[in-house]
Amino acid sequence: MNIALIIAGGTGQRMAQDIPKQFISVYDKPVIIYTLERFQNHPSIDEIRIVCLDGWHDSLYAYCKQFGITKLANIVSGGENGQDSIRNGIYDIAENHSSQKDIVIIHDAIRPLVSADIISDNIRVCRQNGNATTVIPCNTAMLMSFDNLVSEQQVLRDNIKMTQTPQSFYLQELLESHKEALKKGITNAIASCTMYVELGKKIYLSMGSEKNIKLTTTEDIEIFKALLQTQKDDWLH
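Because the structure is a prediction, the values reported are computed rather than measured. (Residues numbered from 1 in each chain as written. Predicted model: local features only at pLDDT ≥ 70, side-chain atom pairs only at ≥ 80, totals over all residues. Heavy atoms only, no water.)

## Overview of the overall build of the chain
Along the backbone of the chain there are 7 helices and 9 strands. Against the globule reference of 18 Å for 237 residues, the chain gives a C-alpha radius of gyration of 18 Å, in line with a compact fold. In terms of principal-axis extent, the alpha carbons of the chain reach across some 50 × 45 × 40 Å. Within the chain, the proportion of its 237 residues that are buried is 48%. Partitioning the intrachain contacts of the chain with sequence separation of at least 6 by distance along the chain shows that 74% fall at a separation of at least 24. (Helix = DSSP H or I, 4+ residues; strand = E, 2+ residues; numbered from the N terminus. Rg over C-alpha atoms; globule rule 2.2 N^0.38 Å. Buried < 20%, exposed > 50% of the residue type's maximum accessible area, 1.4 Å probe, protein only. Contact = heavy atoms within 4.5 Å.)

## Examining the packing of aromatic side chains
According to the stated counting rule, one finds 4 aromatic pairs in the structure shown. Taking the centre distance of 4.4 Å and the plane angle of 20° together, the rings of F23 and W56 count as stacked. Of the two residues, F23 is situated in the loop between β1 (2–8) and α1 (31–40) and W56 in the loop between β2 (47–52) and α2 (57–66); the sequence distance between them amounts to 33 residues. Members of the aromatic cluster, connected to one another through ring pairs, are F23, W56 and Y63. The cationic tip of K29 hangs over the ring face of Y34; the distance from NZ or CZ to the ring centre is 4.7 Å. (Phe/Tyr/Trp six-rings, centres within 6.5 Å; stacked < 30°, edge-to-face > 60°. Lys NZ or Arg CZ within 6 Å of the ring centre and 35° of its normal.)

## Points about the side chain of R111
Its place among the elements puts R111 in the loop between β4 (103–108) and α4 (116–129). Given a relative accessible area of 8%, R111 falls into the buried group. Within the structure, R111 has its side chain in polar contact with the backbone oxygen of N212 (distance 2.7 Å). (Polar contact = N/O pair within 3.5 Å; in protein donor to acceptor, adjacent residues only side chain to side chain.)

## Re the pairing of β2
Among the 6 residues of β2, 6 are classified as buried, and the element is accordingly described as predominantly covered. Where burial is concerned, the two faces of β2 agree: the one with E47, R49 and V51 and the one with I48, I50 and C52 are both buried. Sheet topology note: the β1/β2 ladder contains 6 bridges and is parallel. Counterpart to A4 in the pairing with β2 is I48. Here β2 runs beside strand β3 (residues 72–77); their pairing, made up of 5 bridges, is parallel. Note on β3: the bridge partner recorded for R49 is N74. Following the backbone out of β2, through α2 and into the adjacent parallel β3, one traces a crossover that is right-handed. (Pairing = 2+ DSSP bridges. Right-handed = clockwise from strand over helix to strand, strands pointing away.)

## What to know about helix α7 (residues 218–229)
With 12 residues, α7 ought to run about 16 Å at 1.5 Å a step, and its terminal C-alpha atoms sit 17 Å apart, in line with that. Considered for burial, the residues of α7 that qualify are D220, I221 and F224. One face of α7 carries all of its buried residues, which in axial projection span an arc of 105°. Counted as exposed and oriented over 90 degrees from the buried face of α7: E219 and Q229. Taken together, the buried residues of α7 touch α1. (Expected span 1.5 Å × (residues − 1). Arc of directions from axis to C-beta.)

Written out as structure tokens, the structure reads:
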């Protein structure tokens, strides 16, 4: 099975809003529903599970019922950080699935414009190589700074990749990797792919997109709204 694990445990402090950013309404629909619809409508996704902030489970169940997210299997609580939240979701999945062929597709709830092509390529690379992390090339000048005030050093961008989600892994290996990370004191990895790197594992890369934006600030919400309103011209490929 291909199981989507949507991470919606953040509080969205940088957004400076009264509610978590994944529940902000855009054109009368919560951001997280836009995200869930991408996986609901993808033919290769068999099941959706969500890691969510405490206090928002009932609202999320209601939204999923309202907007027809029929692939939803369960909602579990988040942890103290992203790694904790993902681990909670993996444990929940492992209680219900045990096949060596099961894949977990981890995705940020606040990346609502993930395309079907991105999801498909992520699954393909994972099936082929054992894991997959969505990336885009770095296309801007990179400077190193240690005080956020001055820089005297550039970072060559040619070999730099900017990571996104989804990030896919075989369930059993992902479960064992999280247990290994805890034993080694790796408790606050920025992402699943960086946790794998810290464990000395290889990460395989799949196709991303500049449109697969992460909604972190209010400016990102404005960009999201604009992208929703934009229809791709026929000649753009």
